[in-house]
Amino acid sequence: MSKVFLFLLYLLGCHNLYAQQKPAAHFDLPAKNGFYRITTYDTNIFRIAYHPDHNRKTELISDAVHIAPSHSLNRKSISRVGDSLFIKGRLVISGTHDDGAYRGFYFPLGKNEKIFGAGERALPLNRKGYRLSLYNNPWYGYSEGADNLNYSVPFITSSEGYALFFDNPSRGYLDIGKQQEGRLEFGAISGESNVFVIFGNYRQVLAAYHKLTGYQPLPPLWAMGNLMSRFGYRSEKEVQDIYSAMRNNNMPVDAIIYDLFWFGDSIKGTMGNLEWVNRQKWPDPVKMINSFKEKGVQTLLVTEPFFVETSTNYKASLPYLAVDSNRKPYYLTDFYFGKGGLLDIFRNDAKVWFWNFYKKQMDLGVEAWWGDLGEPEKHPADLFHNLHDKGYKRLFAADEVHNLYGHEWTKMLFHQYAKHYPDKRLFSLNRSGFSGSQRFSIFPWTGDVSRNWSGFRAQLPILLGMTMSGVPYVHSDAGGFAGGEGDEELYVRWLQFAAFTPIFRPHGTALYDVEPAAFSFPSEAALFTGRFRDAAGKAIRLRYSFLPYNYTLAYEQAVNGKPLMAPLYYFYSNDTTASQIEDQYMWGEQVLVAPVIHKNTGIRNYYLPEGKWYHFFDGRMLAGKSWISDSTYLDNFPLLIKEGSFVPLDGMFRTVPNTAAYTSDSLVLLYVPSSKPSFSKMYHDDGKSKHALQHKNFELIQFSSTGIKNKSTLIVVRAERQKIRTIKNRQVYLLIPGPPKAIDKVMVNHKMIDLGNAATIVDLPENALIPFVFNGNEVKIRIYWK
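Quick notes on the rules
Residues numbered from 1 in each chain as written. Predicted model: local features only at pLDDT ≥ 70, side-chain atom pairs only at ≥ 80, totals over all residues. Heavy atoms only, no water. Pairing = 2+ DSSP bridges. Helix = DSSP H or I, 4+ residues; strand = E, 2+ residues; numbered from the N terminus. Axes fitted to C-alpha atoms, helices over the stretch in contact; angles between N-to-C directions. Buried < 20%, exposed > 50% of the residue type's maximum accessible area, 1.4 Å probe, protein only. Polar contact = N/O pair within 3.5 Å; in protein donor to acceptor, adjacent residues only side chain to side chain. Phe/Tyr/Trp six-rings, centres within 6.5 Å; stacked < 30°, edge-to-face > 60°. Lys NZ or Arg CZ within 6 Å of the ring centre and 35° of its normal. Parallel < 35°, antiparallel > 145°, perpendicular 65-115°, else oblique. Left-handed = near helix turned anticlockwise from the far one by under 90°. Contact = heavy atoms within 4.5 Å. Nonpolar A, V, L, I, M, F, W, Y, C, P; charged D, E, K, R; others polar. Expected span 1.5 Å × (residues − 1).

Chemist: Break down the sheet that holds strand E18 (residues 298-303) for me, citing the residues and quoting the values.
Modeler: Across the sheet, 5 strands lie side by side as E16-E17-E18-E21-E24; this open sheet has parallel pairing. Either end of the sheet is taken by a strand with one partner, and the two such strands are strand E16 (227-229) and strand E24 (428-430). Across the sheet, the mean angle from the axis of one strand to that of its neighbour is 20°, orientation sign disregarded. Bridge count for E16 against strand E17 (residues 255-258) is 3 bridges, and the pairing is parallel. Each residue of the ladder has a partner; that of Leu 227, found in E17, is Ala 255.

Chemist: Account for the environment of Asn 278, naming residues and giving values.
Modeler: The residue Asn 278 is located in the loop between E17 and helix H4 (285-294) in this model. What makes Asn 278 buried here is its relative accessible area of 13%. Along the chain, Asn 278 and His 97 lie 181 residues apart, while their C-alpha atoms are 57 Å from each other. Within the structure, the side chain of Asn 278 is placed 3.2 Å from the backbone nitrogen of Lys 281, a separation counted as a polar contact.

Chemist: So what about the packing of aromatic side chains? Which residues, and what values?
Modeler: Counted by the stated rule, this structure contains 66 aromatic pairs. Ring geometry for Trp 353 against Phe 357: centres 5.0 Å apart, planes inclined by 85°, an arrangement best described as edge-to-face. Of this pair, Trp 353 and Phe 357 both sit in helix H6 (residues 348-363), 4 residues apart, which is roughly one turn of that helix. When its relative accessible area of 17% is taken as the criterion, Phe 357 is described as buried. Judged by centre distance (4.5 Å) and plane angle (75°), the rings of Tyr 358 and Trp 369 are edge-to-face. With a gap of 11 residues between them, Tyr 358 in helix H6 and Trp 369 in strand E21 (residues 368-371) connect regions that are remote in the sequence. A network of ring pairs unites the aromatic residues Phe 307, Tyr 320, Trp 353, Phe 354, Trp 355, Phe 357, Tyr 358, Trp 369, Trp 409, Tyr 417 and Tyr 421 as a single cluster. One cation-aromatic arrangement involves Arg 171 over Tyr 135; the distance from NZ or CZ to the ring centre is 3.7 Å. Sitting over the ring of Tyr 784, Lys 745 keeps its end group 5.0 Å from the ring centre.

Chemist: I'd like a description of the packing of H6 against helix H8 (residues 405-420), backed by residues and values.
Modeler: For the pair H6 and H8, interaxial distance at closest approach is 11 Å and the crossing angle is 60°. Here H8 runs oblique to H6, going by the angle between their axes. Crossing hand, H6 versus H8: right-handed. Counting all contacts with H6, which are made through Lys 351, Val 352, Phe 354, Trp 355, Tyr 358, Lys 359 and Met 362, the residues of H8 involved are Glu 408, Trp 409, Met 412, Leu 413, Gln 416, Tyr 417 and His 420. Within the contact of H6 with H8, the residues separate by chemical class into 9 nonpolar, 2 polar and 3 charged.

Chemist: A description of the sheet that holds strand E11 (residues 152-158) should follow, citing residues and the corresponding values.
Modeler: Read from one edge of the open sheet, 7 strands run E1-E2-E3-E15-E12-E11-E9, paired in antiparallel fashion. Two strands bound the open sheet, and with one partner strand each, they are strand E1 (26-31) and strand E9 (115-119). Taking the axes of each pair of neighbouring strands and ignoring which way they run, one obtains an average angle of 20° across the sheet. In the sheet, E1 pairs with strand E2 (residues 34-42) via 6 bridges, with the strands oriented antiparallel. Bridged to His 26 within E2 is Thr 39. Across the face of the sheet, helix H2 (residues 202-213) comes into contact with E2, strand E3 (45-52), E9, E11, strand E12 (162-165) and strand E15 (193-199) while running at roughly 145° to E11.

Chemist: So what about helix H11 (residues 530-545)? Which residues, and what values?
Modeler: The end-to-end C-alpha distance of H11 is 23 Å, a good match for the 22 Å that 16 residues give at a rise of 1.5 Å each. Along H11, the residues that are buried comprise Phe 532, Ala 535, Ala 536, Gly 537, Ala 539, Ile 540, Arg 541, Leu 542, Arg 543, Tyr 544 and Ser 545. Contact partners of the buried residues in H11: helix H3 (236-248), helix H10 (488-498), helix H12 (547-560), strand E26 (585-587), strand E32 (639-642) and strand E33 (646-650).

Chemist: Summarise H12; cite the residues concerned and give the values.
Modeler: Taking 1.5 Å of rise per residue, 14 residues should cover 20 Å, and H12 covers 19 Å from first to last C-alpha, within 8% of that figure. Counted residue by residue, H12 has 12 buried out of 14 residues, so it is predominantly covered. Those residues of H12 lying buried are Leu 547, Pro 548, Tyr 549, Asn 550, Tyr 551, Thr 552, Leu 553, Ala 554, Tyr 555, Glu 556, Gln 557 and Ala 558. Looking one or two residues beyond H12, the residue adopting positive phi is Gly 561, at roughly 70°.

Chemist: Go over the side chain of Ser 689 with me, naming the residues and quoting the values.
Modeler: Residue position: Ser 689 is located in the loop between strand E35 (678-684) and strand E36 (699-705). You can call Ser 689 buried: its relative accessible area is 12%. Beyond its immediate sequence surroundings of up to four residues, Ser 689 is in contact with Asp 423 and Arg 425.

Chemist: Which residues make up the environment of Ser 72, and what values do they have?
Modeler: On the secondary structure map, Ser 72 appears in the loop between E3 and strand E4 (78-81). With 37 residues separating them in the primary sequence, Ser 72 and Leu 109 have C-alpha atoms 29 Å apart.

Chemist: Could you give an account of unusual backbone geometry, naming the residues involved and the relevant values?
Modeler: A cis amide bond links Phe 231 to the next residue, Gly 232, at an omega of -10°. Assignment of secondary structure puts Gly 232 in the loop between E16 and H3. Residue Pro 376 is reached from Glu 375 by a cis peptide bond, and omega for that bond is 0°. Mapped onto the fold, Pro 376 is located in the loop between E21 and strand E22 (384-386). The phi dihedral of Tyr 512 is positive, around 50°, even though this residue is not glycine. Checked against the element boundaries, Tyr 512 lands in the loop between H10 and H11. By relative accessible area, which is 40% here, Tyr 512 ends up partly exposed. Backbone geometry places Lys 696, a non-glycine residue, at a positive phi of 55°.

Pasting the structure below:
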């Protein structure tokens, strides 16, 4: 026998020995009336499932987690005392419970501990002391204090350095120290009892959650613009007239969203038609859609998963509807829009049948979709769904799968887009989903909010709570939806806030003679008058001016799972004052927003964390770790840029009709001087290709500063990567806050240049403007102050 062969046998033996000794992917520990199974997904992510001795409806039907567990489980780090489970010496589960109706876990809760997240709640960000329902719930005309809205998320984060994620979509609850102080309790009526325990600070646990459940893909660029919408447009003439008014007032529009009047002339009795039925009001949908598309304006249509018996498709829908206990189509008798049935979205054949309606309209030019009533709004407990295509033989009651319905709907669109339009980015406007829905391109809104100041104020904890629940693109019906008194100031302030949220979509009830009992009010800024129209238009154009910065935030979410907006505690957890503030937030890491949320506010008080801050509207440099009082004006609000920041702005925003005209050929690069070095990026692609990131077909431009040393700083602009077309003459205007006379000289690539006039480019206070051309080659700018 050769020595080589013996050596190979030795290596094979070592390999087998290693394979036998390699840590298992999971291991089990006995527990009361069952056992725990512990699995690791990363060094800080532990999955714990409790398997009872009985086998009563314990299926795991969720697909929220899309990565496999790792094989690095260290058994010594996990121990059990009685029914309590410890990880790395830390008590994480203090017991299990099962009262026949709900089953789940108990967890310890510290006296000063704060708990955040759990989805859409118009409650304080710290949800400690509340019992929260985990059940996607429509709430018409809600305002502050609404504790359970359309999109619940079973993910919470703690001030004590951990997070909990319960991967169970059935009806459930979280009791966060309400029933018993010092105890956090989770319960669900069905499904596997499991929890992911994630260790780390706020940034680490949110990043880990996105690693588990997915990042949100890049939106189409048009989705970052102004989406024109109302309940609802009733004819092509009305749409054309309002669009013309918007453009005549220099208000950009990127999309028009059509509510239920596209498929019927009344609110009730038409749901399920899914066809342009009135050709007098909509004489030529194809011509209309394509005419708008030529102007860079996309068409979105509403759909619902309900088919009422008076609709043209009710009989055809019967084989695909959810059923009763006898497996017969369930007949809804108390549904607001009419008697009928609910599509069983869990069945593959139902999805294909439903998709055919979408495909027909997309062949006409429709670009994207609004899915309404997706909780679903009417979902009786004695209605059943067929999950045979997921491998289950029994029927599942509505409450067992309720929170997964909107998720399955958006996922259906995502997969059908991938099949039929493989390079098109999906925009799915849907008000309900589940953990993981973000990776299927859901863009949820916060439901039918009351059109008053309380409804407006409710949006801050809802949006911030949702983004900390791993839902990055949540937004509101800007201006409010339900009721109201025609408050024009409220409309303006809401649009200013919406300009710095993930999606900008003014939307409200404007039914007029169709429903005289409902208060009607326009949601389009051009239909206002005087100073309110001007201030609203300024907010819309402000949204477009920040497009390069906002699109880069979308890139950071898609690649790194970073939130677009975040509460102050997320970035400034060690600042005890910042951690208490709930009426301000960060837009990315560089912009602080303090919206005006009370009527007739004369003074807006707000807090600035450490560092220096540049007031975007009046040009002041303000010191951090302090409270500021600003006099308020209708057309502005406290908008602060952190020192050291590079904020790319669109240099053409004053005249741009929509994002279709955006090329990044002209940029204003705002740099707020700092003594500290800083670094930032700007992302740019064609705004539409689904695989731009995977194919690396994009530009990434770096901005860096050495910080001011001896009255001088060096700013470097360079291309980190550049595969799309090279823009040979991208005109960039470096904007430096402060009077130009304060600057001694500027060298661009070692050549002295003259300062420009900032007033010719942007509507900002006196600033120094340094023009230069960037064509992909590195540019070095040396600034000397007097």
